[in-house]
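Coordinates in review
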Amino acid sequence: MSLSDLDLGAVQLPPEATRLRQEVRDFLATERAAGTVLGRPDSWLTGWDPAFTRRLARHGWIGMTLPRAYGGGGRSNLERYVVIEELLAAGAPVSAHWVADRQAGPTILRHGTEAQRSHFLPRIAAGACFFSIGMSEQDSGSDLASVRTRAERTASGWRLTGTKMWTGGAHVNDHAIVLARTDESEDRHAGLSQFIVDLRDPQVRVEPIRLLSGEHTFNYCHLEGVELTDEALLGRPGDGWRQVTGELALERSGPERFLSTLPLLSALVKELQRTGGCSPEQQARVGRLTARLASVRQLSLGVAAALAAGRPADVQAALVKDLGTRFEGELVNEVREILPIAARFDATRGSYPELLATAILHAPGYTLRGGTNEILRGIITRGLELSR
Ligand SMILES: Cc1cc2nc3c(=O)[nH]c(=O)nc-3n(C[C@H](O)[C@H](O)[C@H](O)COP(=O)(O)OP(=O)(O)OC[C@H]3O[C@@H](n4cnc5c(N)ncnc54)[C@H](O)[C@@H]3O)c2cc1C
């Protein structure tokens, strides 16, 4: 790969995207008026609202890229991009279906049996089936191939034992796609498999991991001898590493990797207006943030267009996630300096001090979740070295 291979080119969104964007904005205006969209930072992580999810599904905005035969929208990745960037920018409560829509659905479509596709995909598109990611463990985050969760062969299928960590939404979701070792192999990337696990199984014990804010979003997920039939196996035994790598590409390449804190910037601008306008210095700093946002968005759109066209964009996606997640964290610090007020998590929900406190308390996670920036830089370096 040479530096010119990193060039993503300018992206022209199709004309139908403009119409779609307006439809989403109209929908959001109605929701905002009803008090269901509060412009919260990190709403794709902690904005749990299954009723909102079902309303989105009725518009066809969940499972948009899944085939119509499975209840999906049969639409393009770029159309989905437009919908989700509008939802993220508005800070809409989208966490209930986020993982199901972003990665579980496409992963089941790609690797699932016909029975799994027919069962799960229509439910995902209807906003009626929510998924968690069961990858990380206590000592296996960056080094995912070292997972210790094991699935052993039994007469009727598999028995799953181990503890997953950081399992977002395991206390409220329906299923998790769990990465487990099914074979001890010399090659640590071989012998891994993925399973679709019912989170309400009595042998699944969920233990909260609280965020700094005290919110309960994450969990340890103890798999205490969960009995699974062969129907729970996703893809072929031993193909888990290849599958999980594909799933991570979906997890890392979207606009949520730079838009988590955009609602805070919007709230700052409103707060400056409310409190009597801004000084030239404040104006210049808001302008600089907006310019950075516009350039990261252009790069992110470039990644989305490359992926939609079937072109490899792993290295570019890693670069954009690194730039984007640093931007969303730095935005919080800038905003604190532009308008120095006390952040208060106990202030009225949706008020500026509360939104600021939420963004500050969530900030440590921005560059960790979905793979840390150090790991991404390793991917970038290896990608560039291939060109030598
Ligand atoms: C808010 C949040 C949400 C998450 N959601 C989920 C989820 O829903 N499901 C799920 O399965 N997981 C989830 N995770 C886990 C996340 O994927 C891991 O935290 C992440 O991959 C890092 O793994 P780790 O925490 O084990 O850190 P470690 O891998 O122990 O890393 C510790 C530090 O060492 C650095 N490091 C490690 N290896 C290298 C290396 N080779 N080169 C350079 N530096 C290195 C890392 O960059 C990091 O700074 C979530 C994490 C957070 C914080």
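Residues numbered from 1 in each chain as written. Predicted model: local features only at pLDDT ≥ 70, side-chain atom pairs only at ≥ 80, totals over all residues. Heavy atoms only, no water.

The name given to the chain in an unreviewed UniProt entry is Acyl-CoA dehydrogenase family protein, with Streptomyces yunnanensis as the source organism. Turning to the chain, the UniProt annotation filed under Cofactor (unreviewed entry) states: "FAD". The UniProt entry for the chain carries the following text under Sequence similarities (unreviewed entry): "Belongs to the acyl-CoA dehydrogenase family." (UniProt positions renumbered as here; feature names shortened; annotations may be inferred.)

**Describing empty space enclosed by the protein**
Counted under the stated rule, the structure contains 1 cavity of 30 Å³ or more. There is about 40 Å³ of room inside the largest cavity. The wall of the largest cavity is formed by Arg252, Ser253, Gly254, Arg257, Ser300, Val303, Ala317, Val320 and Lys321. Of all the secondary-structure elements, those providing two or more residues to the lining of the largest cavity are helix H10 (280-308) and helix H11 (314-338). At 3 residues, the largest contribution of residues to the lining of the largest cavity is made by H11. (1 Å grid on protein atoms, 1.4 Å probe; cavity = no way out; pocket = protein on both sides within 12 Å on 5 of 7 lines; lining within 4 Å. Points joined across faces, edges and corners; volume = space filled by probe spheres on them. Helix = DSSP H or I, 4+ residues; strand = E, 2+ residues; numbered from the N terminus.)

**Let's talk about the environment of His222**
Tracing the sequence through the fold places His222 in strand S7 (residues 216-229). Between the C-alpha atom of His222 and that of Thr149, which follows or precedes it by 73 residues, the distance is 9.7 Å. Looking at His222, its side chain comes within polar contact range of the side chain of Glu207, at 2.7 Å. (Polar contact = N/O pair within 3.5 Å; in protein donor to acceptor, adjacent residues only side chain to side chain.)

**Topic: the UniProt feature "domain: Acyl-CoA dehydrogenase/oxidase C-terminal" (unreviewed entry) in the chain**
On the UniProt side, "domain: Acyl-CoA dehydrogenase/oxidase C-terminal" (unreviewed entry) is annotated at positions that read residues 278-384 here. The straight-line gap between the two end C-alpha atoms of residues 278-384 is 44 Å; of that span, 72% is helix and 0% is strand.

**Describing the domain arrangement of the chain**
For the chain, the assigned domains read domain 1 (3-129), domain 2 (133-239) and domain 3 (253-385). Each of domain 1 and domain 2 has a C-alpha centre, and the two are 25 Å apart. Each side of the interface is counted separately: domain 1 has 18 residues, and domain 2 has 18 residues. With both sides pooled, the region where domain 1 packs onto domain 2 buries about 1,200 Å², and carbon together with sulfur makes up 66% of that total. Counting the surface domain 1 buries against domain 2, the share from its top three residues, Thr46, Trp48 and Gln116, is 33%. Taken together, the links from domain 1 to domain 2 amount to 0 salt bridges. Summed over the shared surface of domain 1 and domain 2, the number is 3 residue pairs in polar contact (both at pLDDT 80 or more). Counting residues per element, the ones that place at least two in the side of domain 1 that touches domain 2 are helix H2 (43-46), helix H5 (95-111) and helix H6 (114-125). (Domains from an automatic or database assignment. Contact = heavy atoms within 4.5 Å. Buried area = accessible area lost by both parts, 1.4 Å probe. Salt bridge = Lys/Arg side-chain N within 4 Å of Asp/Glu carboxyl O.)

**What to know about the site of the ligand**
Neighbouring residues of the ligand: 14 residues in total, closest Ser136, Ser142, Trp166, Thr372 and Glu374. Within the side chain of Ser142, one N or O atom sits 2.6 Å away from an oxygen atom of the ligand. Here an oxygen atom of the ligand sits 3.2 Å away from a polar atom, N or O, in the main chain of Gly168. In the complex, the protein chains occlude 64% of the 970 Å² of accessible area that the ligand would expose alone. (Near = heavy atom within 4 Å. Areas by Shrake-Rupley, 256 points an atom, 1.4 Å probe, with all protein chains shown as cover.)

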